[in-house]
Amino acid sequence: MELLSKHACFGGEQRFYRHESSVIGLPMRFAVYLPPQVLQGMKSSSSASSNASSNASSNPSSKSELEKTHPALFYLAGLTCTEETFIIKAGAQRVAAELGLILIAPDTSPRGAGVASETDSWDLGVGAGFYIDATAEPWAKHYRMESYVTQELYSLVVKEFPIATTKVGITGHSMGGHGALTLALKHPSLFKSVSAFAPIAAPTQCPWGEKAFAAYLGTDRAEWLKHDASEMMTAAKTAPFPAGILIDQGLSDQFLEKQLHPHVFETACASVGQPLTLRRHEGYDHGYYFISTFVGDHLRFHAERLK
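Residues numbered from 1 in each chain as written. Predicted model: local features only at pLDDT ≥ 70, side-chain atom pairs only at ≥ 80, totals over all residues. Heavy atoms only, no water.

Colleague: So what exactly am I meant to see when it comes to the sheet that holds strand β3 (residues 27–34) here?
Modeller: Strand-to-strand pairing in sheets goes through backbone hydrogen bonds, with the strands running parallel or antiparallel. Here we have nine strands laid out as an open sheet, ordered β1-β2-β3-β5-β4-β6-β7-β8-β9, and mixed in their pairing. A strand with exactly one partner marks an edge of an open sheet, and here the two such strands are β1 (2–9) and β9 (276–281). Neighbour-to-neighbour, the strand axes of the sheet open up by a mean angle of 20 degrees, direction not taken into account. Bridge count between β1 and strand β2 (residues 12–20): seven bridges; the pairing is antiparallel. In the strand pairing of β2, Lys6 is matched with Arg15. Here helix α4 (residues 145–160) sits on the sheet in contact with β2, β3, β4 (70–76), β5 (102–106) and β6 (163–172), set at roughly 50 degrees to β3. Contacting β4, β6, β7 (193–197) and β8 (245–250), helix α5 (residues 175–186) runs over the sheet at an angle of about 140 degrees to β6. (Pairing = 2+ DSSP bridges. Helix = DSSP H or I, 4+ residues; strand = E, 2+ residues; numbered from the N terminus. Axes fitted to C-alpha atoms, helices over the stretch in contact; angles between N-to-C directions. Contact = heavy atoms within 4.5 Å.)

Written out as structure tokens, the structure is:
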């Protein structure tokens, strides 16, 4: 990992990294917020490691390994966003510092894949990876965001930071809310808690999802259903997250009627007995003023379940 920058923030540290991704085949960027409790422990461990190296013969039991005890939350951003969007706009670090919660925010797509049409529209290609692995050409080589998040990035941050793998949650907004719900449902061994802000809850039934899935997955709609949170929930035999799922949705969201369909996911959850708290808020739209208003609730929701 290459550390691009770091910034003191609420007693902790906001960091931005770049690394060569073997899954994507291109450099990828991501952000990590380390709350003060974690940062202090890492500094102490680094100091202990240095002392152990210099005094190995006299003190062979010096402790240098990071204790993997801290909870972490992945945040998946929406269309057009980058690894910086949530970090800069949501104001989540204040609450994360109070809770001792590590925040991880990946980019939303590959950059520089060289696909001819990847910058033609804002809802497909660059900034619009949809957190799936593309199987159709010309996208299949680099647009592999599901494997990137759940395999490569997950393994990387667990290795480099003191994260307990039994204490990892996932959340996201819009396209990233779709990603959070679907990745949590596909990979319950990785993510112990899940929430979303204004998610694309039934992508096979909306223009954004139909456009992206047709491009990335081809025309077989049966393949699309494997990446639709509402369809996946309906197919579940039991409630996959018995401790509950939290979704916040603004009722003045300009995309609510045509693109998001939270009521479809609500019905799917009811059909399998999945506890769902779907909060609908008068006056709130799709943007980060909405997210910043309720982000503290989401962080506390995850912290409670990741104890």
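Colleague: Help me understand helix α6 (residues 207–217) in this model?
Modeller: Since there are 3.6 residues in each turn of an α-helix, residues three or four apart along the chain are aligned in direction. Among all positions of α6, only Trp208, Gly209, Ala212, Phe213, Ala215, Tyr216 and Leu217 are buried. Each buried residue of α6 sits inside an arc of 165 degrees when the element is viewed along its axis, so together they form one side. Structurally, α6 contributes buried residues whose contacts are with α5, α7 (221–224) and α9 (256–260). (Buried < 20%, exposed > 50% of the residue type's maximum accessible area, 1.4 Å probe, protein only. Arc of directions from axis to C-beta.)

Colleague: What is the right way to look at the pairing of β2 in this model?
Modeller: If a strand is regular, its side chains alternate between the two faces of the sheet. In terms of burial, β2 is a largely internal element, seven of the nine residues being buried. Two elements, β2 and β3, share eight bridges in a ladder whose sense is antiparallel. Bridge assignment links Arg18 to a residue of β3, and that residue is Arg29.

Colleague: Explanation requested: the packing of aromatic side chains in the structure shown.
Modeller: We describe a pair of aromatic rings using the distance from one ring centre to the other and the angle between the two ring planes. For the coordinates displayed, the defined rule picks out 17 aromatic pairs. Cluster of aromatic residues (ring-pair linked, three or more members): Phe197, Tyr284, Phe290 and Phe294. (Phe/Tyr/Trp six-rings, centres within 6.5 Å; stacked < 30°, edge-to-face > 60°.)

Colleague: Can you help me understand the side chain of Asp133 in this one?
Modeller: Relative to the assigned elements, Asp133 resides in the loop between β5 and α4. Lacking a salt bridge, the buried Asp133 has Arg144 as its closest oppositely charged neighbour, with an N-O distance of 4.2 Å. Within the structure, Asp133 has its side chain in polar contact with the backbone nitrogen of Glu146 (distance 3.2 Å). Among the polar contacts made by the side chain of Asp133, one reaches the side chain of Ser147 at a distance of 2.5 Å. Those residues within four positions of Asp133 in sequence are excluded, and the remaining contacts are Tyr143, Arg144, Met145, Glu146, Ser147 and Leu217. (Lys, Arg positive; Asp, Glu negative; His and termini not counted. Salt bridge = Lys/Arg side-chain N within 4 Å of Asp/Glu carboxyl O. Polar contact = N/O pair within 3.5 Å; in protein donor to acceptor, adjacent residues only side chain to side chain.)

Colleague: When you look at the nonpolar core in this model, what are you seeing that I'm missing?
Modeller: Generally speaking, a soluble globular protein has its nonpolar side chains buried in company with each other. Membership of the largest hydrophobic core comes to 98 residues, with the highest contact counts inside it found for Phe74, Phe130 and Tyr216. When residues of this core are assigned to their parent elements, the largest contribution, eight residues, is made by α4. Beyond its immediate sequence surroundings of up to four residues, Phe74 is in contact with Ile104, Val149, Leu153, Tyr154, Val157, Val168, Gly169, Ile170, Thr171 and Phe191. (Core = buried A, V, L, I, M, F, W, Y, C linked by side-chain atoms within 4.5 Å.)

Nothing here speaks to function; it is all geometry.
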